[in-house]
2 protein chains.
Amino acid sequence: MKKHNFSAGPCILPEEVLQKASEAVINFNNDNLSLIEISHRSKPFVDVIENARSLALELLGLQNKGYKALFLHGGASSQFLMTAYNLLNKKAAYLNTGTWSSKAIKEAKLFGELDEVASSIDKNFNYIPKNYKIPSDADYFHCTSNNTIYGTQMKSFPETTVPMICDMSSDIFSRQLDFSQFDLIYAGAQKNMGPAGTTLVIVKEDILGKVERVIPSMLNYQTHIEKDSMFNTPAVFPIYVSMLTLEWLKDLGGIDFIESVNKQKSALLYNEMDRNPLFKGLAEEDDRSHMNATFTLTNKDLKEKFDFMWQEANINGLHGHRSVGGYRASMYNALPLYSVQALVDVMQELERKA
Amino acid sequence: MKKHNFSAGPCILPEEVLQKASEAVINFNNDNLSLIEISHRSKPFVDVIENARSLALELLGLQNKGYKALFLHGGASSQFLMTAYNLLNKKAAYLNTGTWSSKAIKEAKLFGELDEVASSIDKNFNYIPKNYKIPSDADYFHCTSNNTIYGTQMKSFPETTVPMICDMSSDIFSRQLDFSQFDLIYAGAQKNMGPAGTTLVIVKEDILGKVERVIPSMLNYQTHIEKDSMFNTPAVFPIYVSMLTLEWLKDLGGIDFIESVNKQKSALLYNEMDRNPLFKGLAEEDDRSHMNATFTLTNKDLKEKFDFMWQEANINGLHGHRSVGGYRASMYNALPLYSVQALVDVMQELERKA
């Protein structure tokens, strides 16, 4: 029996996507060849990557608005570096909401002056700072929309005149936003989009070409725009599975539909967490993430019992990150409501038995 | 019926590897979870990447000799840049044997002085230059062991006192060499190792840490060595399939065994090419690649007929690269001898019918 998969990422993907991906590894497109042994320049694969790029823009409502969608190598960690390499002339503004923001800040420091406009490190990143000022002479403002480790999520984004860059690795395609407020969005595939190994970059072309440094080809967004994400051999399988997942999402009803499901799932879990005296949430209530819920037991002596019970209930991936401890339930797009119900059932059973 | 797949890359992989990979996308390790939806920090996947790294060193005979094996993002194209970023202080020596060497040279020029010790561009790269001098004050010497586009392959490597770096993307694991003569070897997975999306880097640790520039984390070999190739989420599926392919190769008898098969395959094709008056080889005889054979028709009027015949014979991927024209038969490790025989049969049939 399939497990209830609360893994923080790589994470659960839709069953029908896994089925199609598995078949394509044997016979893709009825051509009697595997997806992973055909040329990336062949029409069947060019159709895949074009479809994936177009679906990404369509789902975000960013077609015909000056944006390009790219599928690049290197994970979001490479984007920490590439954003600065391509866009940081003198000074950039960063909001520090956790481990990933901090890593982005570290890499960008090699390329210019960094203004950390606010940080929630004082409370181990359990909230999202508000009311900070973004200097108007910054080359850009960078933020992380959702913080998997701490279970926090930005519910609104600042008004600013400088270009806004957002690392949406862990909540892209999960909720509706005015995505046109961002000038560059990046996201590692391995949460709501696909398997590890490819990274989606959505970039507004008019912010590029403004730094003087020479940028190596593989790190230059313009290289990849000119070559339609095919400057070098792309990560064929991860991109194909991402395309399947984006198709699945579009067929379901797009971001509006999945957002309503995601809100039901997170409400179910947060309500139980607040009601059940054996549990307490770790993130500040206003900033709680709909993707990753962090919580802990109020009585540590129950740990062994609870751990045994959820594993018996066929639940996977509930341990919290080492820098926070406790538990983390990641409820990405493909996680069914009944999986969250299974977890809530265990929490209630613990209450009855404790 | 499965096609005879002569694709230049991504290319044919062993049938049993494709079967296992397809199964793992549904249920990996009998855990009732897909390989692509589990944590990369979970024991089952850590075992995969450790096994892949260890098999790579074992097959090349490089265990316990000061080398580390890494599976990195970004393709060989990122290595053009990373080798120079990590190793080029003042001056580096490059041998130019084709498109990929030229690209490596272009990226390295951003980091120091480049000494192009020899080039075969005068004859559209249809041979490997010999008798060139490598300056003893170079930080390293860089070469490309096999040139897929032109069908040439280095049969020997120069004696030099400077560290030797080799791009072996298209012939690693296909022939026996004294691999300890190299200080850094890199190879995109998508020829003899696995699907596109991961790159093997074998690096001798003692050549690192000698440049003064600050290297961004993702571009720094030492970052990846310290984190055992897990600095960021690795390309899970491509690495798993690479591990399966390396296991397949080890079980067959390793590089010695596959080299004898590869020699049989290339001898079969080159003998026909030399015997059959309708065909001629494009690379100089001494430098012919055992992986990629480039050839053309002696009478261009037969093109339509030949193209029809090989496609009828269930052969895939025989068109030459646009910069060379004609035909290219790529005979990577997983291509069976009977596929080469199928091609030779078509060549002989053309002779009978022409």
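Please read these numbers as outputs of a predicted model, since none were measured by experiment. (Residues numbered from 1 in each chain as written. Chains lettered and ligands numbered in written order. Predicted model: local features only at pLDDT ≥ 70, side-chain atom pairs only at ≥ 80, totals over all residues. Heavy atoms only, no water.)

Chemist: An account of the packing of aromatic side chains is requested, with residue identities and associated values reported.
Modeler: Residue and element names in this part refer to chain A. One pass over the full model with this rule turns up 23 aromatic pairs over all chains. Ring geometry for F80 versus Y186: centroids 6.3 Å apart, planes at 65°, classification edge-to-face. Of this pair, F80 sits in helix 3 (residues 75-87) while Y186 sits in strand 9 (residues 184-188), placing them 106 residues apart in sequence. Both residues of the pair, F80 and Y186, belong to the buried class. Between Y94 and Y140, the aromatic rings sit 5.8 Å apart at their centres with planes inclined by 65°, giving edge-to-face as the arrangement. Of the two residues, Y94 is situated in strand 3 (residues 91-96) and Y140 in the loop between strand 4 (113-119) and strand 5 (141-144); the sequence distance between them amounts to 46 residues. This pair shows no difference in class: Y94 is buried, exactly as Y140 is. Among the aromatic residues, ring-to-ring pairing joins F279, F295, F306 and Y327 into one connected group. The side chain of K123 reaches across the aromatic face of Y127, ending 5.8 Å from its centre. (Phe/Tyr/Trp six-rings, centres within 6.5 Å; stacked < 30°, edge-to-face > 60°. Helix = DSSP H or I, 4+ residues; strand = E, 2+ residues; numbered from the N terminus. Buried < 20%, exposed > 50% of the residue type's maximum accessible area, 1.4 Å probe, protein only. Lys NZ or Arg CZ within 6 Å of the ring centre and 35° of its normal.)

Chemist: Talk me through the sheet that holds strand 2 (residues 67-72) of chain B; I want residue IDs and the actual numbers.
Modeler: Pairing between the strands of a sheet is mediated by backbone hydrogen bonds and can be parallel or antiparallel. Residue and element names in this part refer to chain B. Strand order across the open sheet formed by seven strands is 2-10-9-8-5-3-4, with mixed pairing between neighbours. Two strands close off the open sheet at either side, each with one partner strand: strand 2 and strand 4 (113-119). Each adjacent strand pair in this sheet contributes to an overall mean axis angle of 15°, direction not counted. Note that strand 8 (residues 164-167) and strand 9 (residues 184-188) share three bridges and pair parallel. Along strand 9, the bridge assignment pairs D167 with Y186. Contacts from helix 3 (residues 75-87) reach strand 2, strand 3 (91-96), strand 8, strand 9 and strand 10 (199-204), with the element oriented near 155° to strand 9. (Pairing = 2+ DSSP bridges. Axes fitted to C-alpha atoms, helices over the stretch in contact; angles between N-to-C directions. Contact = heavy atoms within 4.5 Å.)

Chemist: Please provide a residue-by-residue account of the packing of helix 2 (residues 43-60) of chain B against helix 6 (residues 236-252) of chain B, values included.
Modeler: Residue and element names in this part refer to chain B. Contact geometry for helix 2 and helix 6: axes closest at 9 Å, N-to-C directions at 45°. By the angle between their axes, helix 2 is oblique relative to helix 6. For the crossing formed where helix 2 meets helix 6, the hand is left-handed. In contact with F45, V48, I49, N51, A52, L55, A56, E58 and L59 of helix 2, helix 6 contributes V236, I239, Y240, M243, L246, E247, L249 and K250. In terms of residue class, the contact of helix 2 with helix 6 is built from 13 nonpolar, one polar and three charged. (Parallel < 35°, antiparallel > 145°, perpendicular 65-115°, else oblique. Left-handed = near helix turned anticlockwise from the far one by under 90°. Nonpolar A, V, L, I, M, F, W, Y, C, P; charged D, E, K, R; others polar.)

Chemist: Explain the interface of chain A and chain B residue by residue, including any values.
Modeler: Facing 56 residues of chain A, the contacting portion of chain B comprises 56 residues. Summing the contributions of chain A and of chain B, the shared interface buries around 4300 Å²; its carbon and sulfur component is 60%. Considering only the surface of chain A that becomes buried against chain B, P10, I36 and E37 of chain A emerge as the three largest contributors, covering 14% of it. For the pair chain A and chain B, the number of links is two salt bridges. The salt bridge involving K2 of chain B is made with E37 of chain A; its shortest N-O contact spans 2.4 Å. Run the count over chain A and chain B and you get 18 residue pairs in polar contact (both at pLDDT 80 or more). (Buried area = accessible area lost by both parts, 1.4 Å probe. Salt bridge = Lys/Arg side-chain N within 4 Å of Asp/Glu carboxyl O. Polar contact = N/O pair within 3.5 Å; in protein donor to acceptor, adjacent residues only side chain to side chain.)

Chemist: Can you break down the pattern of salt bridges residue by residue, with the values?
Modeler: Summed over the entire model, instances satisfying the criterion amount to 32 salt bridges over all chains. One salt bridge connects E50 of chain B with R53 of chain B, and the closest N-O pair in it is separated by 3.0 Å. In this pair, E50 of chain B and R53 of chain B are both assigned in helix 2, three residues apart and thus about one turn of the helix distant. On the basis of relative accessibility, which here comes to 8%, the residue R53 of chain B falls in the buried class. Across the pair E284 of chain B and K123 of chain B runs a salt bridge whose closest N-O atoms are separated by 3.7 Å. Of this pair, E284 of chain B sits in the loop between strand 11 (279-281) and strand 12 (292-297) while K123 of chain B sits in the loop between strand 4 and strand 5 (141-144), placing them 161 residues apart in sequence. Here the salt bridges share partners, and the residues they tie into one network are K2 and E15 of chain A together with E37 of chain B.

Chemist: Lay out the pairing of strand 14 (residues 327-330) of chain A in plain terms, naming residues and giving numbers.
Modeler: Residue and element names in this part refer to chain A. Side-chain alternation along strand 14 places Y327 and A329 on one buried face and R328 and S330 on a second face that is also buried. With four bridges joining them, strand 12 (residues 292-297) and strand 14 adopt antiparallel strand pairing. Within strand 14, the residue paired with T294 across the bridge is R328.

Chemist: Any details on empty space enclosed by the protein? Residues and values, ideally.
Modeler: Under the counting rule described, the total for this entry stands at five cavities of 30 Å³ or more. By volume, the largest cavity is sized at about 230 Å³. If you trace the largest cavity, you find 22 residues lining it, with H73, G74 and S78 of chain A together with G74 and S78 of chain B closest to the centre. Of all the secondary structure elements, the ones that give two or more residues to the lining of the largest cavity are strand 2 (67-72) and helix 3 of chain A together with helix 3 of chain B. In terms of residue count, the dominant contributor to the lining of the largest cavity is helix 3 of chain A (three residues). Across the lining of the largest cavity, the residue classes tally to twelve nonpolar, ten polar and no charged. (1 Å grid on protein atoms, 1.4 Å probe; cavity = no way out; pocket = protein on both sides within 12 Å on 5 of 7 lines; lining within 4 Å. Points joined across faces, edges and corners; volume = space filled by probe spheres on them.)

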